[in-house]
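Chain by chain, the residues:
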Amino acid sequence: MIDNPATQHAYIECFGNNGTIIAPGASVVYAFVHYNIAPGAAAGSVTLNSNYAFMGDDNGNELGTCNHPNGAIPMDCPTTTINLVNLTLALDCNPVVSGVQSNCHVPTGTSSLDVELSLENISGAAIAINGFNIGAIHDSDTSRLAPVSTLPPDLFAFDGNPDFTQASFPTGSWDCSAAPPQADTGGDGATKALSRITCASSSLAQNIANHTRKPIAVVHYSVPAGAPAGPLTLNVSGSSVTDGGSADVGTCGPASSVPMACPPATITLYCKIMQADVNHNTIVNSTDLQQTATHFGQLPGPANYDQNFEGVINSTDLFLIAQQFGKRVSACP
């Protein structure tokens, strides 16, 4: 029930004769609050918190309270923040596949990898983009993935690393040379990398239609020779996008009054031989093929048998195992 529509104070009271037993460490969902997002709602943050919360036993005795004037037994009632955003700044670790791929598996022995940064407008209306500052693209492990050091060869610093995607910005006079792109500023220290790029138009802004995603830059990475299998994370911070009036239309890491979604990407280097050795006996043989065949057509496919990580076990997985036939896991880096 809504007590005060102006400030959205919602409350619920429930009683029962036979209480629910909650085991130690377990949780129970007691209710859902359903919200509407108003058409044209501006980007910003909304805070949800609990006041006058009371939990009792079968006899009405207090088990816990929070923000309650008569409470004696404290109960944890954390605050939740919901960010309404106009834009999503995504890291796509496999740009050749449709949609944003933020969880990628890359075989050891691969020499290079391109990661695309894209802006998606989810505001409900077109947004005019006049500039962007991607202040930090953090690479958690340069022993597995390292940005290629490239000096921009042109006047406007378009073809550096990160590499501005000119094709997405045909409108305006764009320039990335005021603070030229840097593959690694050194700001994250040894064994990590911090890449950055800032570009702006000195004249017309570029419109991005609602529900449209535009690539804005590509970060070129190398996979060092002998790079070990394992995961690494890419994430963005200190970033902003501005409109034709140079006002923020999205910020993240940290967000200002106009938050923008900036989800991370995870890249996992894996050894093809180890992945094909589904029974973990250190060699790829007919048993691995037989065991994988027993899961044929399974959706979702068990990760241990899914050789190409596409979520289903099919003939491609059997073919990829056959390619590694007779090889030993000791050959993995």
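All of these numbers come straight from a predicted model, not from anything done at the bench. Going along each chain's sequence as written, the residues are numbered from 1 onward. Where local features are concerned, this predicted model is filtered to residues with pLDDT of at least 70; where side-chain atom pairs are given and counted, the filter is 80 or more; whole-chain, interface and lining totals use all residues. Values shown for side chains rest on all heavy atoms present in the structure; no hydrogens or waters enter the calculation.

(A) Highlighting the overall build of the protein chain. What counts as a helix is a DSSP run of H or I of at least four residues, what counts as a strand is a run of E of at least two, and both are numbered from the N terminus. Looking only at helices and strands, the protein chain features three helices and 20 strands. In summary, the protein chain has a C-alpha radius of gyration of 26 Å against a globular reference of 20 Å for 333 residues, an excess of more than 25%. By its C-alpha atoms, the protein chain is 70 × 65 × 35 Å across when sized along the principal axes. Across the 333 residues that make up the protein chain, the buried fraction comes to 35%. Our radius of gyration is a C-alpha quantity, and the globule rule it is checked against amounts to 2.2 Å times the number of residues to the power 0.38. Buried residues are those whose accessible area, probed at 1.4 Å on protein chains only, stays under 20% of the maximum for their type, while exposed residues exceed 50% and partly exposed ones sit between those limits.

(B) Fine view of the side chain of Gln275. Summarising the element assignment, Gln275 is placed in helix H1 (residues 272-276). The exposure class assigned to Gln275 is buried, which follows from its relative accessible area of 15%.

(C) Highlighting the state of the cysteines. By disulfide we mean two sulfur atoms from cysteines, separated by a distance within 2.5 Å. The full count for this structure, using the stated rule, is five disulfides. Put simply, Cys66 and Cys77 are joined by a disulfide, and their sulfur atoms are 2.0 Å apart. Judged by the sign of its S-S torsion, about -90°, the cystine formed by Cys66 and Cys77 is left-handed. Pair noted here: Cys66 is in strand E5 (residues 62-66) and Cys77 is in the loop between E5 and strand E6 (80-84), with a separation of eleven residues, a long-range link. Classification of Cys66 by relative accessible area gives buried; the value is 6%. Overall, Cys77 belongs to the partly exposed group, its relative accessible area being 22%.

(D) Seen up close, the packing of aromatic side chains. In summary, the pairing rule links any two rings of Phe, Tyr or Trp, Trp by its six-membered ring, whose centres are within 6.5 Å, and it sorts them by plane angle into stacked for under 30 degrees, edge-to-face for over 60 and tilted for everything else. A full pass over the atoms with the stated rule returns nine aromatic pairs. Each residue in the set Phe132, Phe156, Phe158, Phe164, Phe169 and Trp174 is aromatic and connected to the rest through ring pairs, giving one cluster.

(E) Spotlight on the side chain of Ser118. With respect to the element layout, Ser118 can be found in strand E9 (residues 112-121). You can call Ser118 buried: its relative accessible area is 0%.

(F) How the structure looks around the pairing of strand E18 (residues 230-242). Strands were regarded as paired on the criterion that DSSP finds at least two bridges between them. Pairing analysis gives eight bridges linking strand E11 (residues 131-139) to E18, with the strands arranged antiparallel. In the sheet register, Ile134 faces E18, and the bridge partner there is Ser239. Of the strand pairs in this sheet, E18 and strand E20 (residues 265-270) are connected by five bridges, and their pairing is antiparallel. Counted as the bridge partner of Leu234 is Ala265 from E20. Where E18 lies against strand E19 (residues 248-252), four bridges are found, and the strand directions are antiparallel. Among the inter-strand pairings, Ser240 is bridged to a residue of E19, identified as Thr251. Where E18 folds back on E19, the antiparallel hairpin that results is connected by five residues, among which Ser246 adopts a positive phi of roughly 65°.

(G) Up close: unusual backbone geometry. Put simply, Asn161 and Pro162 share a cis peptide bond, and its omega is 5°. Relative to the helices and strands, Pro162 resides in the loop between strand E12 (146-147) and strand E13 (163-164). In this structure, the amide linkage connecting Gly253 to the following residue, Pro254, adopts the cis form with an omega of 0°. Even without a glycine there, the phi angle at Ala157 is positive, about 60°. In this structure Ala157 comes out as buried when scored by relative accessible area, which is 3%. For His211, which is not a glycine, the phi torsion comes out positive at approximately 55°. Inspection of the secondary structure assignment puts His211 in the loop between strand E16 (206-208) and strand E17 (212-222). For His211, a relative accessible area of 61% translates into the label exposed.

(H) Layout of the nonpolar core. Nonpolar core, defined: a set of buried Ala, Val, Leu, Ile, Met, Phe, Trp, Tyr and Cys residues in which side-chain atoms within 4.5 Å join the residues together. Grouped together as the largest cluster of nonpolar side chains are 42 residues, with contacts concentrated most on Leu89, Ile129, Phe132, Ile134, Phe164, Ile216 and Ile267. In this structure, Ile273, Tyr305, Ile321 and Val329 belong to the second largest nonpolar core, which totals ten residues.

(I) View of the environment of Ala72. Within the secondary structure layout, Ala72 lies in the loop between E5 and E6. In this structure, the C-alpha to C-alpha distance between Ala72 and Glu62, residues ten residues apart in sequence, is 8.0 Å. Residue contacts are counted whenever heavy atoms from the two residues lie within 4.5 Å of one another. Those residues within four positions of Ala72 in sequence are excluded, and the remaining contacts are Glu62 and Thr65.

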